[in-house]
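# Examining the three-dimensional arrangement
One-letter residues, chain by chain:
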Amino acid sequence: MAPKLLASTFLVTCFLSCAVAQPVPARKKPNILFVLMDDMGWGDVGFRDSQFHTPTIDGMYSQGVRFNNSYTPPNCGPSRAALLSGVYPWRMGLQGNAINSGSSAAIPLGRTILPQKLKDDLGYQTHLVGKWHQGFCKTEQTPTERGFDSFFGFYLSKQDPFSHLSKKDAYDFRSDHEVNRSVAGQYSTYLFSERTRQLVREYKASLASNADTKPFFIMLSYSALHAPNQVPQHYIDQHCADVSDHNRQIKCGMMAAVDEGLKNITDDLKAHGLMDDLLVVFTSDDGGDHEEGSSNWPLRGNKRTLWEGGIRVTTFMYS
Ligand SMILES: *[C@@H]1O[C@H](CO)[C@@H](O)[C@H](O)[C@H]1NC(C)=O
Ligand SMILES: *[C@@H]1O[C@H](CO)[C@@H](O)[C@H](O)[C@H]1NC(C)=O
Ligand SMILES: *[C@@H]1O[C@H](CO)[C@@H](O)[C@H](O)[C@H]1NC(C)=O
């Protein structure tokens, strides 16, 4: 177990310390788009299951640096805590999937986390788009107090991707600290992709008037592929008609929507001439849930288990 988890924290640790050890001139710092999938199974992507339609992800994967032995804890909360802090979740009391509604748990406030490091030490502007799931009981635990300049997304582990209702029908969607009700009814994958495009546009506009504009770190933390399984029907009709299992068909549609969002974002980056200054990191917080239609084949087991299927995830960097 330990060596495998060590491998999982390598990415984060290197991310923090390699960058700190060798400072580079301000203009050379790459913009970073960190795509964090939710419960994406090993087999839930086009290059492993040809019934899935993910040409954008497949393209970046085939040209990127592939981390074929990338391991995470088996649940969302602990995995995200480890990713953000570079610390084993066991050391912070976050090894259970603890941070749910009514919980006061959070990454201890004394721990410096990734966006803080990037913002305070490396001069990045930092944005969280999508799921947080790292504490919300006190204001100090929320994203904009933990190193993110902006937040557009939700606090809890999962929600209905259209209504944004969590457990007990609590509405869970915010712009920074403000509850944002105007997005109710709009599909999460659209919202998060469009918000990312907006941040890129704002960056480009700022760069035009100020060459010293801070590079961006955008953590694009999609709620897909976490249950509940829902997606606008046209993704299924267009790309997933041949998938026979009902749940898997919806997962296929959810992945097609994510891929389209990433195509939109990378097309914009290309159009703005920002592709040469870009580092894309793509990973998932844990393995897929096959009861919900994900597949970890040929890996054994599921999310929430310590089999490979629960803890080994698709990870690559593309630049
Ligand atoms: C990556 O891991 C999978 C699953 O163990 C294996 O089938 C595949 O050959 C590996 N790929 C490389 C390039 O090592
Ligand atoms: C809610 O989000 C929408 C979409 O990004 C945005 O236009 C609007 O300003 C936000 N509302 C609040 C109250 O922040
Ligand atoms: C991608 O952009 C197109 C055209 O603007 C839009 O219709 C589509 O909804 C976008 N897809 C996502 C997932 O945001």
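Throughout what follows, the structure given in this document is the object of discussion. Fair warning: this is a prediction, and the values are worked out from it, not measured in the lab.

## Regarding the pairing of strand β1 (residues 31-37)
Within β1, seven of the seven residues are buried, which leaves the element mostly enclosed by the surrounding structure. The two faces of β1 match: Asn 31, Leu 33, Val 35 and Met 37 on one face and Ile 32, Phe 34 and Leu 36 on the other face are all buried. Relative to strand β8 (residues 278-284), β1 runs parallel, the two sharing seven bridges. Residue pairing in the sheet places Leu 33 in a bridge with Val 280 of β8.

## Section: the side chain of Arg 197
Summarising the element assignment, Arg 197 is placed in helix α5 (residues 188-209). Among the residues examined, Arg 197 registers a relative accessible area of 19% and is labelled buried. Excluding residues that lie within four positions of it along the chain, Arg 197 makes contacts with Asn 264, Ile 265 and Asp 268.

## Quick look at the side chain of Lys 303
Along the chain, Lys 303 falls in the loop between β8 and α8 (308-311). Residue class for Lys 303 comes out buried when judged on its relative accessible area of 5%.

## Some details on helix α3 (residues 76-85)
α3 sits mainly inside the fold: ten of its ten residues count as buried. Within α3, burial applies to Cys 76, Gly 77, Pro 78, Ser 79, Arg 80, Ala 81, Ala 82, Leu 83, Leu 84 and Ser 85. Among the residues trailing α3, Gly 86 stands out with phi positive, at a value near 70 degrees.

Calculation notes
- Along each chain, the written sequence defines residue order, and numbers are assigned to residues from 1.
- Whichever chain is written first is A, and whichever ligand is written first is 1; the rest continue in order.
- Only residues with pLDDT of at least 70 get local features here, since the model is predicted, and only at 80 or more are side-chain atom pairs given and counted; chain-wide, interface and lining totals rely on the full set of residues.
- To get the side-chain values, take all heavy atoms of the structure and skip hydrogens and water.
- When accessible area is computed with a 1.4 Å probe and restricted to protein chains, residues below 20% of their type maximum are described as buried, those above 50% as exposed, and intermediate ones as partly exposed.
- For the purposes of this entry, the term helix denotes a DSSP run of H or I that reaches at least four residues, the term strand denotes a run of E that reaches at least two, and both are numbered from the N terminus.
- Pairs of strands are assigned from DSSP output, requiring at least two bridges between the strands.
- The criterion used for residue contact is that any of the two residues' heavy atoms lie within 4.5 Å.

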